[in-house]
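Chain and residue survey
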Amino acid sequence: MEHDAVVGPLDLAARVDDALAVQALAFGLSEDEIAIRRHIVMRHLLYPGARAFGATTPDGRLVGFVYGMPNDRTHWWSTVVEPYLRRGGHDQWLDDSFVITELHVHPAHQGRGLGRTLITTITDTAAQPRSILSAIDTESPARRLYRTLGYQDLARQVLFPSAPKPYAVMGAPLPLKRGR
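Let us look at the structure shown here. (Residues numbered from 1 in each chain as written. Predicted model: local features only at pLDDT ≥ 70, side-chain atom pairs only at ≥ 80, totals over all residues. Heavy atoms only, no water.)

1. Comments concerning the packing of aromatic side chains
For clarity, the cut-off: Any pair of Phe, Tyr and Trp rings, taking the six-membered ring for Trp, is counted once the centres come within 6.5 Å. Such a pair is stacked with planes under 30 degrees apart, edge-to-face with planes over 60 apart, and tilted for the rest. A run of H or I in DSSP counts as a helix once it spans at least four residues, and a run of E counts as a strand once it spans at least two, with each numbered from the N terminus. Type-normalised accessible area, obtained with a 1.4 Å probe on protein chains alone, sets the label of each residue: buried when under 20%, exposed when over 50%, and partly exposed for intermediate values.
Using the criterion set out here, one finds 3 aromatic pairs in the structure. Pairing Trp-76 with Phe-160 gives two aromatic rings, centres 5.7 Å apart and planes at 35 degrees, and the pair type is tilted. Placement of Trp-76 in helix 3 (residues 76-87) and of Phe-160 in the loop between strand 6 (152-158) and strand 7 (167-173) is noted, with a sequence separation of 84 residues between them. The exposure class of Trp-76 is partly exposed, given its relative accessible area of 48%.

Next up, the structure:
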């Protein structure tokens, strides 16, 4: 690992503003979008099994985070992606899966293995046999990372209300592949 940050459990409720500052930089969010996401994160943390890990520098700065939870078909995300997955015969992925809700690394700390460490650390704690996530449906460093970990496209061109770009839903058996 080339990064100087330490990955460990994160009290996301206590550090939600730090996490959203990282997400805003990584994802280009407006103040209004940050406020909406803050509400969503705090609601997600109430779900059974929800947990988070963070990447923290020696001086205590949060430079990356991941959070997720066991998937539940009644959650908003599942209700949006289910028809797309069903069309491809993949809707069983919504059952007995650990969903990666958010994974973001500060742009100045990307490309050093932090995203890989965060996602493998959180999925290693999952009791479920597989993991699912959604990512913007474009060739990107994030999608390449997910593929090296064993994620495959389950549905593409998934449209979320209010999201300007289509997403892909990806799934992988657990534990995730190691190595590059």
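2. Structural notes on the sheet that holds strand 2 (residues 51-56)
Here is the rule: Only strands joined by at least two bridges in the DSSP assignment are considered to pair. Comment: axis = line fitted to C-alpha atoms, over the contacting stretch for helices; angle = value between 0 and 180 degrees taken between N-to-C directions.
Here 7 strands make up an open sheet; going across it, the order is 1-2-3-4-5-7-6 and the pairing mixed. Where the open sheet ends on each side, the last strands, each with one partner, are strand 1 (6-9) and strand 6. Each strand axis lies, on average, 20 degrees off the axis of its neighbour in the sheet, ignoring direction. For strand 5 (residues 130-136) and strand 7, the ladder comprises 7 bridges, and the chain directions are antiparallel.

3. Let's talk about the pairing of strand 2
Along any regular strand, the residues point their side chains to alternate faces of the sheet. Two elements, strand 1 and strand 2, share 4 bridges in a ladder whose sense is antiparallel. Bridge pairing in strand 2 links Val-6 to Thr-56. Pairing analysis gives 6 bridges linking strand 2 to strand 3 (residues 62-70), with the strands arranged antiparallel. Bridge pairing in strand 3 links Gly-54 to Phe-65. Here strand 2 hands over to strand 3 after 5 residues, with Gly-60 in that stretch at a positive phi of 90 degrees.

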